[in-house]
Amino acid sequence: VVGRLQSMAHAERLDFATADGPGRYRLRIAEAVYGQAITLISQDVQIHSLEDIGFTREQQTRLEQILNLPYGLLVVVGPKDSGRTTLASALVEMASRSERQVVTISRHGGVGISGALCFTPDRLNEALSQDPDVVLMDDVPLDRVYEAAQAALEGRLVVLTVSGSRAIHTMR
């Protein structure tokens, strides 16, 4: 059991659906007298809907059309604390409703998308080797943007968040 939990955990975190909805648990494993002790600490997970964020029904419909595409690159750009991760998480949650496999890659150990496998940027190749349908690359270093585009060209839907004040200037 311990080995299986360790293989499922990324950045000491497990994200999966329970009967009560999405769940996030921090995994702690310690050596004990008769083996290993496991502690799962429940963490609050809240993914906002596009409606919660303020998108109109028309905007939501258009984004849903984009997110239903089998592959592509969708870039969310904004300054620090502008809600990039909140928006990207809502977009990926919407894209994953059609039983698509989701992988998140984040400096912060991932975001709370139910059922997603979470990786840090230094494990990007391992994340992509899982052959996900949807990839969220949240707050990854700018030198990894090429890899996001490459993942999209290989047939994945990639949602990328990038820090910047204007999209056109950031992508140059």
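You'll find the structure just up there.
Being a predicted model, the structure only gives us computed values, none of them experimental.

Criteria and thresholds
- Residues numbered from 1 in each chain as written.
- Predicted model: local features only at pLDDT ≥ 70, side-chain atom pairs only at ≥ 80, totals over all residues.
- Heavy atoms only, no water.
- Pairing = 2+ DSSP bridges.
- Helix = DSSP H or I, 4+ residues; strand = E, 2+ residues; numbered from the N terminus.
- Axes fitted to C-alpha atoms, helices over the stretch in contact; angles between N-to-C directions.
- Contact = heavy atoms within 4.5 Å.
- Buried < 20%, exposed > 50% of the residue type's maximum accessible area, 1.4 Å probe, protein only.
- Polar contact = N/O pair within 3.5 Å; in protein donor to acceptor, adjacent residues only side chain to side chain.
- Core = buried A, V, L, I, M, F, W, Y, C linked by side-chain atoms within 4.5 Å.
- Right-handed = clockwise from strand over helix to strand, strands pointing away.
- Expected span 1.5 Å × (residues − 1).

Participant: I'd like a rundown of the sheet that holds strand β5 (residues 102-106), residues and numbers included.
Facilitator: The strands making up a sheet associate through hydrogen bonds between their backbones, and the pairing can be parallel or antiparallel. Taken in spatial order, the five strands line up as β4-β8-β7-β5-β6 in an open sheet, and their pairing is parallel. Each edge of the open sheet is held by one strand with a lone partner, namely β4 (72-78) and β6 (117-119). Looking at each pair of strands side by side, their axes are set apart by 15° on average, direction ignored. Sheet topology note: the strand β7 (residues 134-138)/strand β8 (residues 157-163) ladder contains four bridges and is parallel. The residue of β8 that forms the bridge with Leu136 is Val159. Running at roughly 160° to β8, helix α6 (residues 145-153) makes contact with β4, β7 and β8 of the sheet.

Participant: Tell me about the side chain of Arg156, and name the residues and values.
Facilitator: Mapping Arg156 onto the fold places it in the loop between α6 and β8. Arg156 gets classed as buried once you look at its relative accessible area, which sits at 8%. In this structure the side chain of Arg156 is engaged in a polar contact, spanning 3.1 Å, whose partner is the backbone oxygen of Leu128. Setting aside residues up to four positions removed in sequence, Arg156 forms contacts with Pro70, Tyr71, Gly72, Leu128, Asp131, Pro132, Asp133, Val135 and Ala151.

Participant: Give me the nonpolar core: which residues, what numbers.
Facilitator: Across soluble globular proteins, you tend to see nonpolar side chains buried next to one another. Judged by nonpolar contacts, the single largest core of 19 residues is most densely connected at Leu50, Leu67, Leu91, Val92 and Val159. Among the elements of the structure, α3 (57-67), β4, α4 (84-95), β7 and β8 are those that each provide at least two residues to this core. For Leu50, the residues in contact, after removing those within four places along its chain, are Phe55, Gln60, Leu63, Leu87, Ala90, Leu91 and Met94. Counting 16 residues, the second-largest nonpolar core is a separate cluster that includes Leu124, Ala127, Val145 and Ala148.

Participant: Kindly report on the pairing of β7, identifying the contributing residues and their values.
Facilitator: Extensive coverage of β7 is indicated by the burial of five of its five residues. By the alternation rule, side chains of β7 split into Val134, Leu136 and Asp138 and Val135 and Met137, which are all buried. Across five bridges, the pairing between β5 and β7 is parallel. Its bridge partner being in β7, Ile105 is matched across the sheet by Met137. For the handedness criterion, the β-α-β arrangement of β7, α6 and β8 is classed as right-handed.

Participant: How would you explain α4 if you had to name every residue and give the values?
Facilitator: Here α4 spans 16 Å end to end across twelve residues, near enough to the 16 Å set by a 1.5 Å rise per residue. Extensive coverage of α4 is indicated by the burial of nine of its twelve residues. Inspection of α4 places Arg84, Leu87, Ala88, Ser89, Ala90, Leu91, Val92, Met94 and Ala95 among the buried residues, and these make up the whole buried set. Tucked inside the fold, the buried residues of α4 contact α2 (50-53), α3, β4, β5, β7 and β8.

Participant: Let's hear about the pairing of β5: which residues, and what values?
Facilitator: In terms of residue burial, β5 counts as a mostly covered element, since five of its five residues are buried. The two faces of β5 match: Val102, Thr104 and Ser106 on one face and Val103 and Ile105 on the other face are all buried.

Participant: I'd like to hear about unusual backbone geometry, residue by residue, with values.
Facilitator: The phi dihedral of Asp131 is positive, around 55°, even though this residue is not glycine. Here Asp131 lies in the loop between α5 (124-128) and β7.

The quantities given are spatial measurements derived from coordinates; they are silent on function.
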